[in-house]
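One-letter residues, chain by chain:
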Amino acid sequence: GKKEKVNTKANKIEKMRACFTLSENPITEKGAKTIYVRIVGPDGKVLTKGRGEEFQFEGGSMTYSTSMDIDYTGSAIEDLCIYYPAPATGFQAGKNTVEIYVDKALIGTNSVTLR
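Residues numbered from 1 in each chain as written. Predicted model: local features only at pLDDT ≥ 70, side-chain atom pairs only at ≥ 80, totals over all residues. Heavy atoms only, no water.

Any chance you could explain the overall build of the protein here in plain terms?
Counting its regular elements, the protein contains 0 helices and 8 strands. Mapped from its N terminus to its C terminus, the protein presents α and β elements in the order β-β-β-β-β-β-β-β. Here the C-alpha radius of gyration of the protein, 15 Å, is about what a compact globule of 115 residues would show, namely 13 Å. Along the first, second and third principal axes, the C-alpha atoms of the protein reach 45 × 35 × 20 Å. Counting every position in the protein, which comprises 115 residues, the buried fraction comes to 33%. When the accessible surface of the protein is split by element, carbon and sulfur atoms take 46% of a total near 7,600 Å². In the protein, which carries 16 positive and 14 negative side-chain charges, the distance between the mean positions of the two groups comes to 11 Å. (Helix = DSSP H or I, 4+ residues; strand = E, 2+ residues; numbered from the N terminus. Rg over C-alpha atoms; globule rule 2.2 N^0.38 Å. Buried < 20%, exposed > 50% of the residue type's maximum accessible area, 1.4 Å probe, protein only. Areas by Shrake-Rupley, 256 points an atom, 1.4 Å probe, with all protein chains shown as cover. Lys, Arg positive; Asp, Glu negative; His and termini not counted. Charge placed at Lys NZ, Arg CZ, Asp CG, Glu CD.)

It is not clear to me how the sheet that holds strand β2 (residues 31-40) should be interpreted in this structure. Could you clarify?
Through backbone hydrogen bonds, the strands of a sheet pair up, either in parallel or in antiparallel fashion. Taken together, 4 strands build an open sheet; the order of strands is β5-β2-β7-β8 and the sheet is antiparallel. A single partner strand is all that each edge strand has here, and the edge strands are β5 (66-72) and β8 (105-114). Sheet twist, expressed as the mean angle between neighbouring strand axes with direction ignored, is 20°. Here β2 runs beside strand β7 (residues 94-102); their pairing, made up of 6 bridges, is antiparallel. Following the sheet pairing, V37 is matched in β7 by I100. (Pairing = 2+ DSSP bridges. Axes fitted to C-alpha atoms, helices over the stretch in contact; angles between N-to-C directions.)

Just to check I follow, could you spell out unusual backbone geometry for this structure?
In this structure, D79 is a non-glycine residue whose phi angle is positive, near 55°. What makes D79 exposed here is its relative accessible area of 65%. The backbone of K104 sits at a positive phi, close to 60°, despite the residue not being glycine. Among the secondary structure elements, K104 is positioned in the loop between β7 and β8. Classification of K104 as exposed rests on a relative accessible area of 61%.

Teacher, can you tell me more about the pattern of salt bridges here?
Should the charged atoms of two oppositely charged side chains come close, the side chains can pair. A full pass over the atoms with the stated rule returns 3 salt bridges. For the salt bridge of E4 with R17, the shortest nitrogen-to-oxygen distance reads 2.7 Å. Of the two residues, E4 is situated in the segment before β1 (15-22) and R17 in strand β1; the sequence distance between them amounts to 13 residues. One salt bridge in this structure joins K33 and D103, with 2.9 Å as the shortest N-O distance. Taken together, the residues K33 in strand β2 and D103 in the loop between β7 and β8 connect sequence positions 70 residues apart. The exposure class of D103 is partly exposed, given its relative accessible area of 45%. (Salt bridge = Lys/Arg side-chain N within 4 Å of Asp/Glu carboxyl O.)

Would you explain empty space enclosed by the protein in this entry?
To find the voids left in a structure, one rolls a probe of water-molecule size over its atoms. Evaluated as defined, the whole model comprises 1 cavity of 30 Å³ or more. What the largest cavity holds in volume is close to 40 Å³. In terms of lining residues, the largest cavity is bounded by M16, R17, A18, V37, I39, T66, I82, Y83, Y84 and V98. Of all elements in the fold, only β1, β2 and β6 (77-85) reach the threshold of two or more residues within the lining of the largest cavity. Residue classes in the lining of the largest cavity are distributed as 8 nonpolar, 1 polar and 1 charged. (1 Å grid on protein atoms, 1.4 Å probe; cavity = no way out; pocket = protein on both sides within 12 Å on 5 of 7 lines; lining within 4 Å. Points joined across faces, edges and corners; volume = space filled by probe spheres on them. Nonpolar A, V, L, I, M, F, W, Y, C, P; charged D, E, K, R; others polar.)

Structural measurements only, silent on function.
In structure tokens, the structure reads:
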């Protein structure tokens, strides 16, 4: 029920939002897809919900922060947003990197610096 506000103060953030567009790709298979999001803190550690969830990537496995299942129809999907709740200790100040993976491929990365 609360209105979302953008905030860059690490100790004030309740959840981190990653929004992106999944582009049209005629050679990608249509159907169910899982989008994996990794949030890497300034200390280089991947934020997790404590279960150590992993996905397959380049012959190994990678830990992810959160995921979302979608039904990909082959056309672009705009304004996809995934939320990650703040850890009990809060987000760390410094550069936090967000990586987005689909079909065992890194499709986007960005970072946000928190104060």
